[in-house]
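# Overview (structure and organization)
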Amino acid sequence: MLRYLIRRLLAAAVILLVISVITFFIFFALPSDPALLACGKTCSPSRLSEIKHSLGLDRSTTTQFWEFFKGLFVGRDYGDQSMRIHCGAPCLGVSFQTDTPVLTTLLQDFPADLSLGAGAAVAFLVLGVGLGTAAAVRRGKAVDKAAVGLALVGVSTQIYFIGLLLLFVFVDKWQILPASGYTPITQDPVAWFQGLLLPWATLVIVYLAFYTRLTRSSMLEVFSEDYMRTARAKGLPAGTVVLKHGLRAAITPIITIFGMDVGSLIGGSAVITESVFGINGIGKLAVNSVENSDLPVILGTTLFAATFVVLANVVVDLVYGLVDPRVRLA
(Lines give C-alpha, C1' and ligand atoms only; values in the text may rest on other atoms or scores of the structure.)
Protein backbone atom coordinates (compact mmCIF):
# COMPACT_ATOMS: atom_id res chain seq x y z
CA MET A 1 0.00 0.00 0.00
CA LEU A 2 2.86 2.39 0.81
CA ARG A 3 4.53 1.78 -2.54
CA TYR A 4 1.22 2.34 -4.30
CA LEU A 5 0.70 5.61 -2.42
CA ILE A 6 4.19 6.82 -3.33
CA ARG A 7 3.59 6.03 -6.99
CA ARG A 8 0.29 7.89 -6.96
CA LEU A 9 1.84 10.94 -5.30
CA LEU A 10 4.67 11.00 -7.85
CA ALA A 11 2.13 10.77 -10.66
CA ALA A 12 0.17 13.61 -9.04
CA ALA A 13 3.32 15.76 -8.98
CA VAL A 14 3.86 15.14 -12.70
CA ILE A 15 0.25 16.06 -13.47
CA LEU A 16 0.56 19.31 -11.53
CA LEU A 17 3.79 20.14 -13.38
CA VAL A 18 2.09 19.61 -16.74
CA ILE A 19 -0.85 21.76 -15.65
CA SER A 20 1.47 24.57 -14.56
CA VAL A 21 3.37 24.48 -17.87
CA ILE A 22 0.19 24.53 -19.96
CA THR A 23 -1.41 27.30 -17.89
CA PHE A 24 1.73 29.42 -17.90
CA PHE A 25 2.24 29.37 -21.66
CA ILE A 26 -1.46 29.72 -22.50
CA PHE A 27 -1.77 32.96 -20.59
CA PHE A 28 1.50 34.28 -21.97
CA ALA A 29 0.01 33.77 -25.44
CA LEU A 30 -2.88 36.12 -24.64
CA PRO A 31 -2.73 39.61 -26.20
CA SER A 32 -3.19 41.49 -22.90
CA ASP A 33 -0.19 43.13 -21.26
CA PRO A 34 -0.15 42.94 -17.43
CA ALA A 35 2.45 45.69 -17.21
CA LEU A 36 0.27 48.04 -19.24
CA LEU A 37 -2.70 47.31 -17.00
CA ALA A 38 -0.62 47.98 -13.89
CA CYS A 39 0.77 51.19 -15.36
CA GLY A 40 -2.63 52.79 -15.99
CA LYS A 41 -4.05 54.99 -18.73
CA THR A 42 -1.44 57.75 -18.52
CA CYS A 43 1.63 55.58 -18.88
CA SER A 44 4.92 56.75 -20.33
CA PRO A 45 7.23 54.33 -22.17
CA SER A 46 9.92 54.71 -19.50
CA ARG A 47 7.47 53.91 -16.69
CA LEU A 48 6.19 50.92 -18.66
CA SER A 49 9.75 49.62 -19.00
CA GLU A 50 10.33 50.02 -15.27
CA ILE A 51 7.19 48.05 -14.44
CA LYS A 52 8.09 45.28 -16.89
CA HIS A 53 11.54 45.03 -15.33
CA SER A 54 10.20 44.96 -11.76
CA LEU A 55 7.67 42.26 -12.67
CA GLY A 56 10.24 40.26 -14.61
CA LEU A 57 8.24 40.57 -17.84
CA ASP A 58 11.24 41.81 -19.82
CA ARG A 59 12.77 38.31 -19.75
CA SER A 60 12.03 35.46 -22.13
CA THR A 61 9.02 33.28 -21.48
CA THR A 62 11.11 30.19 -20.76
CA THR A 63 13.27 32.14 -18.30
CA GLN A 64 10.19 33.41 -16.49
CA PHE A 65 8.79 29.90 -16.22
CA TRP A 66 12.08 28.55 -14.90
CA GLU A 67 12.16 31.28 -12.24
CA PHE A 68 8.58 30.41 -11.32
CA PHE A 69 9.33 26.69 -11.15
CA LYS A 70 12.49 27.21 -9.10
CA GLY A 71 10.62 29.47 -6.71
CA LEU A 72 8.31 26.60 -5.80
CA PHE A 73 11.22 24.90 -4.04
CA VAL A 74 13.65 27.63 -2.93
CA GLY A 75 11.60 30.85 -3.09
CA ARG A 76 12.57 33.96 -5.03
CA ASP A 77 12.92 37.73 -4.85
CA TYR A 78 10.94 40.28 -6.87
CA GLY A 79 11.71 43.87 -7.74
CA ASP A 80 14.97 45.83 -7.67
CA GLN A 81 17.20 46.99 -4.85
CA SER A 82 14.95 49.95 -3.99
CA MET A 83 11.84 47.79 -3.53
CA ARG A 84 12.51 44.09 -3.13
CA ILE A 85 9.79 41.58 -2.21
CA HIS A 86 10.82 38.18 -0.91
CA CYS A 87 8.52 35.25 -1.64
CA GLY A 88 9.35 32.20 0.44
CA ALA A 89 9.02 28.62 -0.76
CA PRO A 90 6.68 27.36 -2.02
CA CYS A 91 6.47 30.60 -3.98
CA LEU A 92 3.55 30.80 -6.40
CA GLY A 93 4.56 34.28 -7.45
CA VAL A 94 3.63 37.81 -6.44
CA SER A 95 0.44 39.47 -7.65
CA PHE A 96 0.95 42.08 -10.36
CA GLN A 97 -1.91 44.12 -8.90
CA THR A 98 -1.28 44.04 -5.14
CA ASP A 99 2.42 43.10 -4.81
CA THR A 100 1.32 40.40 -2.36
CA PRO A 101 2.61 36.80 -2.47
CA VAL A 102 -0.02 34.66 -4.17
CA LEU A 103 0.18 31.92 -1.56
CA THR A 104 -0.60 34.43 1.19
CA THR A 105 -3.73 35.56 -0.67
CA LEU A 106 -4.81 31.97 -1.32
CA LEU A 107 -4.41 31.00 2.32
CA GLN A 108 -6.48 34.03 3.35
CA ASP A 109 -9.36 33.02 1.07
CA PHE A 110 -9.05 29.26 1.58
CA PRO A 111 -11.05 29.01 4.87
CA ALA A 112 -14.12 30.35 3.07
CA ASP A 113 -13.86 27.69 0.35
CA LEU A 114 -13.13 24.97 2.89
CA SER A 115 -16.18 25.89 4.96
CA LEU A 116 -18.43 26.24 1.93
CA GLY A 117 -17.27 23.13 0.07
CA ALA A 118 -16.85 20.72 2.97
CA GLY A 119 -20.13 21.66 4.64
CA ALA A 120 -22.16 21.39 1.46
CA ALA A 121 -20.44 18.14 0.43
CA VAL A 122 -21.27 16.35 3.67
CA ALA A 123 -24.90 17.46 3.43
CA PHE A 124 -25.55 16.51 -0.20
CA LEU A 125 -23.72 13.18 0.17
CA VAL A 126 -25.72 12.08 3.23
CA LEU A 127 -29.05 13.34 1.89
CA GLY A 128 -28.43 12.16 -1.67
CA VAL A 129 -27.38 8.64 -0.68
CA GLY A 130 -30.27 8.44 1.80
CA LEU A 131 -32.91 9.57 -0.69
CA GLY A 132 -31.48 7.41 -3.47
CA THR A 133 -31.44 4.33 -1.25
CA ALA A 134 -35.00 4.96 -0.07
CA ALA A 135 -36.15 5.44 -3.66
CA ALA A 136 -34.51 2.17 -4.75
CA VAL A 137 -35.99 0.21 -1.84
CA ARG A 138 -39.47 1.67 -2.50
CA ARG A 139 -39.24 1.47 -6.27
CA GLY A 140 -42.46 2.59 -7.92
CA LYS A 141 -43.93 3.82 -4.63
CA ALA A 142 -44.64 7.38 -3.52
CA VAL A 143 -41.16 7.81 -1.99
CA ASP A 144 -39.51 6.80 -5.26
CA LYS A 145 -41.64 9.14 -7.34
CA ALA A 146 -41.08 12.04 -4.94
CA ALA A 147 -37.30 11.51 -4.88
CA VAL A 148 -37.09 11.27 -8.68
CA GLY A 149 -39.27 14.37 -9.02
CA LEU A 150 -37.10 16.38 -6.63
CA ALA A 151 -34.00 15.20 -8.48
CA LEU A 152 -35.41 16.40 -11.79
CA VAL A 153 -36.23 19.80 -10.29
CA GLY A 154 -32.69 20.10 -8.90
CA VAL A 155 -31.09 19.14 -12.20
CA SER A 156 -33.27 21.63 -14.12
CA THR A 157 -32.44 24.67 -11.99
CA GLN A 158 -29.27 26.76 -11.89
CA ILE A 159 -27.20 27.94 -8.95
CA TYR A 160 -27.73 31.64 -9.58
CA PHE A 161 -31.52 31.18 -9.74
CA ILE A 162 -31.71 29.11 -6.55
CA GLY A 163 -29.33 31.42 -4.72
CA LEU A 164 -31.20 34.60 -5.61
CA LEU A 165 -34.52 32.93 -4.77
CA LEU A 166 -33.28 31.88 -1.32
CA LEU A 167 -31.91 35.37 -0.69
CA PHE A 168 -35.25 36.93 -1.63
CA VAL A 169 -37.29 34.60 0.56
CA PHE A 170 -35.16 34.24 3.68
CA VAL A 171 -33.32 37.59 3.73
CA ASP A 172 -35.50 40.17 1.98
CA LYS A 173 -39.04 38.91 2.56
CA TRP A 174 -39.06 36.90 5.78
CA GLN A 175 -35.89 38.50 7.23
CA ILE A 176 -35.06 35.43 9.30
CA LEU A 177 -31.45 35.32 8.14
CA PRO A 178 -28.87 38.09 7.81
CA ALA A 179 -27.39 39.11 4.49
CA SER A 180 -24.99 36.41 3.40
CA GLY A 181 -21.27 36.72 3.69
CA TYR A 182 -18.37 34.83 5.19
CA THR A 183 -17.37 35.34 8.81
CA PRO A 184 -14.44 33.25 10.14
CA ILE A 185 -15.58 30.60 12.57
CA THR A 186 -12.90 31.67 15.03
CA GLN A 187 -14.35 35.17 15.06
CA ASP A 188 -18.07 34.36 15.47
CA PRO A 189 -19.31 30.74 15.09
CA VAL A 190 -22.99 31.81 14.96
CA ALA A 191 -22.38 34.38 12.22
CA TRP A 192 -20.24 31.82 10.38
CA PHE A 193 -23.10 29.31 10.36
CA GLN A 194 -25.78 31.87 9.45
CA GLY A 195 -23.71 33.31 6.62
CA LEU A 196 -23.08 29.91 5.07
CA LEU A 197 -26.55 28.42 5.57
CA LEU A 198 -28.02 29.70 2.30
CA PRO A 199 -24.89 28.96 0.19
CA TRP A 200 -24.89 25.43 1.62
CA ALA A 201 -28.59 25.04 0.79
CA THR A 202 -27.98 26.25 -2.78
CA LEU A 203 -25.19 23.76 -3.44
CA VAL A 204 -27.11 20.95 -1.72
CA ILE A 205 -30.18 21.47 -3.92
CA VAL A 206 -28.08 21.30 -7.09
CA TYR A 207 -25.78 18.40 -6.14
CA LEU A 208 -28.45 16.46 -4.23
CA ALA A 209 -30.31 15.76 -7.45
CA PHE A 210 -27.34 14.05 -9.06
CA TYR A 211 -26.42 11.96 -6.03
CA THR A 212 -30.02 10.84 -5.55
CA ARG A 213 -30.27 9.60 -9.13
CA LEU A 214 -26.83 8.01 -9.07
CA THR A 215 -27.49 6.17 -5.81
CA ARG A 216 -30.90 4.99 -6.97
CA SER A 217 -29.59 3.57 -10.25
CA SER A 218 -26.61 1.90 -8.56
CA MET A 219 -28.78 0.35 -5.87
CA LEU A 220 -31.31 -0.98 -8.40
CA GLU A 221 -28.48 -2.59 -10.33
CA VAL A 222 -27.12 -4.22 -7.18
CA PHE A 223 -30.58 -5.46 -6.12
CA SER A 224 -30.72 -7.61 -9.26
CA GLU A 225 -27.52 -9.50 -8.36
CA ASP A 226 -27.68 -13.16 -7.27
CA TYR A 227 -25.96 -12.58 -3.93
CA MET A 228 -28.68 -10.09 -2.94
CA ARG A 229 -31.36 -12.68 -3.57
CA THR A 230 -29.30 -15.19 -1.59
CA ALA A 231 -29.03 -12.75 1.33
CA ARG A 232 -32.79 -12.30 1.37
CA ALA A 233 -33.35 -16.07 1.11
CA LYS A 234 -31.11 -16.62 4.14
CA GLY A 235 -33.52 -14.52 6.18
CA LEU A 236 -31.15 -11.63 6.94
CA PRO A 237 -32.78 -8.44 8.26
CA ALA A 238 -33.84 -5.99 5.57
CA GLY A 239 -31.52 -3.30 6.94
CA THR A 240 -28.52 -5.62 6.76
CA VAL A 241 -29.35 -6.64 3.20
CA VAL A 242 -29.77 -3.06 2.01
CA LEU A 243 -26.94 -1.34 3.87
CA LYS A 244 -24.25 -3.98 4.37
CA HIS A 245 -24.64 -5.94 1.13
CA GLY A 246 -26.39 -3.51 -1.19
CA LEU A 247 -25.10 -0.04 -0.40
CA ARG A 248 -21.53 -1.19 0.17
CA ALA A 249 -21.43 -2.67 -3.33
CA ALA A 250 -23.16 0.32 -4.92
CA ILE A 251 -21.09 3.02 -3.21
CA THR A 252 -18.01 2.75 -5.46
CA PRO A 253 -19.15 5.05 -8.30
CA ILE A 254 -20.58 7.44 -5.71
CA ILE A 255 -17.19 7.68 -3.98
CA THR A 256 -15.51 8.42 -7.31
CA ILE A 257 -17.78 11.35 -8.15
CA PHE A 258 -17.82 12.60 -4.57
CA GLY A 259 -14.03 12.78 -4.41
CA MET A 260 -13.86 14.91 -7.55
CA ASP A 261 -16.71 17.17 -6.39
CA VAL A 262 -15.14 17.75 -2.97
CA GLY A 263 -11.75 18.50 -4.50
CA SER A 264 -13.17 20.99 -6.98
CA LEU A 265 -15.46 22.69 -4.44
CA ILE A 266 -12.71 23.16 -1.87
CA GLY A 267 -10.37 24.24 -4.66
CA GLY A 268 -12.66 27.13 -5.58
CA SER A 269 -15.04 25.88 -8.27
CA ALA A 270 -18.11 27.31 -6.47
CA VAL A 271 -17.44 30.69 -8.06
CA ILE A 272 -21.09 31.37 -8.97
CA THR A 273 -22.21 30.63 -5.43
CA GLU A 274 -19.48 32.87 -4.05
CA SER A 275 -20.52 35.70 -6.36
CA VAL A 276 -24.23 35.40 -5.53
CA PHE A 277 -23.68 35.39 -1.76
CA GLY A 278 -20.74 37.78 -1.60
CA ILE A 279 -18.17 35.25 -0.36
CA ASN A 280 -14.57 36.18 -1.10
CA GLY A 281 -13.18 32.75 -1.92
CA ILE A 282 -10.61 31.35 -4.30
CA GLY A 283 -13.11 31.02 -7.14
CA LYS A 284 -13.94 34.70 -7.03
CA LEU A 285 -10.22 35.49 -6.76
CA ALA A 286 -9.57 33.47 -9.92
CA VAL A 287 -12.20 35.37 -11.90
CA ASN A 288 -10.80 38.73 -10.80
CA SER A 289 -7.27 37.66 -11.69
CA VAL A 290 -8.35 36.70 -15.22
CA GLU A 291 -10.06 40.07 -15.68
CA ASN A 292 -6.88 41.86 -14.55
CA SER A 293 -4.49 39.54 -16.44
CA ASP A 294 -2.76 38.85 -13.13
CA LEU A 295 -0.71 35.86 -14.30
CA PRO A 296 0.80 34.82 -10.93
CA VAL A 297 -2.65 34.69 -9.30
CA ILE A 298 -4.07 32.79 -12.29
CA LEU A 299 -1.27 30.25 -12.00
CA GLY A 300 -1.64 30.03 -8.24
CA THR A 301 -5.40 29.48 -8.25
CA THR A 302 -5.13 26.93 -11.06
CA LEU A 303 -2.44 24.92 -9.28
CA PHE A 304 -4.28 25.23 -5.97
CA ALA A 305 -7.51 23.85 -7.42
CA ALA A 306 -5.70 21.15 -9.40
CA THR A 307 -3.86 20.04 -6.27
CA PHE A 308 -7.10 19.37 -4.41
CA VAL A 309 -8.65 17.52 -7.34
CA VAL A 310 -5.58 15.31 -7.79
CA LEU A 311 -5.24 14.60 -4.07
CA ALA A 312 -8.96 13.85 -3.84
CA ASN A 313 -8.52 11.19 -6.53
CA VAL A 314 -5.63 9.65 -4.59
CA VAL A 315 -7.77 9.52 -1.45
CA VAL A 316 -10.62 7.95 -3.43
CA ASP A 317 -8.34 5.17 -4.66
CA LEU A 318 -7.29 4.45 -1.08
CA VAL A 319 -10.89 4.44 0.15
CA TYR A 320 -11.77 1.86 -2.51
CA GLY A 321 -9.68 -0.68 -0.63
CA LEU A 322 -11.68 -0.07 2.55
CA VAL A 323 -15.15 -0.44 1.06
CA ASP A 324 -14.53 -3.07 -1.63
CA PRO A 325 -12.56 -6.24 -0.74
CA ARG A 326 -12.04 -6.98 -4.44
CA VAL A 327 -10.01 -3.81 -4.85
CA ARG A 328 -8.00 -4.61 -1.73
CA LEU A 329 -7.22 -8.08 -3.09
CA ALA A 330 -6.08 -6.66 -6.42
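Residues numbered from 1 in each chain as written. Predicted model: local features only at pLDDT ≥ 70, side-chain atom pairs only at ≥ 80, totals over all residues. Heavy atoms only, no water.

### A closer look at the UniProt feature "transmembrane region" (unreviewed entry) in the chain
Applied cut-off: UniProt positions are given in the numbering used here, feature names are shortened, and annotations may be inferred rather than shown by experiment. Note on conventions: DSSP H or I runs of at least 4 residues are helices, E runs of at least 2 residues are strands, and numbering of each starts at the N terminus.
According to UniProt, the feature "transmembrane region" (unreviewed entry) maps to residues 9-30, 116-137, 149-171, 191-210, 254-277 and 297-323 in the numbering used here. Counted over residues 191-210, helix gives 100% and strand 0%. Its end C-alpha atoms are 30 Å apart. Between the C-alpha atoms that bound residues 297-323 the distance is 39 Å, and the span itself is 100% helix and 0% strand.

### Describing the pattern of salt bridges
Using the following cut-off: The term salt bridge refers to a side-chain nitrogen of Lys or Arg lying within 4 Å of a carboxyl oxygen of Asp or Glu.
This structure, assessed with the given rule, holds four salt bridges. A salt bridge links Asp 144 to Arg 216; the shortest N-O distance between them is 2.7 Å. With Asp 144 in helix H6 (residues 142-156) and Arg 216 in helix H8 (residues 189-223), this residue pair connects regions lying 72 residues apart in the sequence. Here Arg 229 ties to Asp 226 by a salt bridge, and the two come within 2.2 Å at their closest N and O atoms. One end of the pair, Arg 229, and the other, Asp 226, are both in helix H9 (residues 226-233), three residues apart, so they sit about a helical turn from each other.

### Thoughts on the nonpolar core
Operational definition: What is meant by a nonpolar core is a set of buried Ala, Val, Leu, Ile, Met, Phe, Trp, Tyr and Cys residues, joined one to another through side-chain atoms within 4.5 Å. Exposure is judged per residue with a 1.4 Å probe applied to protein chains only, and the accessible area is read against the type maximum: over 50% gives exposed, under 20% gives buried, and values in between give partly exposed. We call two residues in contact when some of their heavy atoms are within 4.5 Å.
Counting 65 residues, the largest nonpolar core has Leu 106, Leu 116, Phe 124, Leu 198, Leu 203, Met 219 and Phe 223 as its most contacted members. The residues contacting Phe 223, other than those within four sequence positions of it, are Ala 136, Val 137, Met 228, Arg 232 and Val 242.

### Let's talk about the packing of helix H5 (residues 102-137) against helix H10 (residues 238-269)
Rules: Each axis is a line fitted through C-alpha atoms, and for a helix only the stretch in contact is used; angles between axes span 0 to 180 degrees, taken between their N-to-C directions. Any angle that is under 35 degrees is reported as roughly parallel, and any over 145 degrees as roughly antiparallel; angles of 65 to 115 degrees are reported as roughly perpendicular and all others as oblique. Note on convention: the crossing is left-handed when the near helix lies turned anticlockwise from the far helix by less than a right angle, right-handed when the turn is clockwise.
Here H5 crosses H10 at 155°, and the two axes come no closer than 10 Å. On the basis of the axis angle, H5 is roughly antiparallel to H10. Considering only the axes of H5 and H10, their crossing is right-handed. Contact residues: H5 offers Phe 110, Asp 113, Leu 114, Gly 117, Ala 118, Ala 121, Phe 124, Leu 125, Val 129, Thr 133 and Val 137, while H10 offers Val 242, Leu 247, Ile 254, Phe 258, Val 262, Leu 265, Ile 266 and Gly 268.

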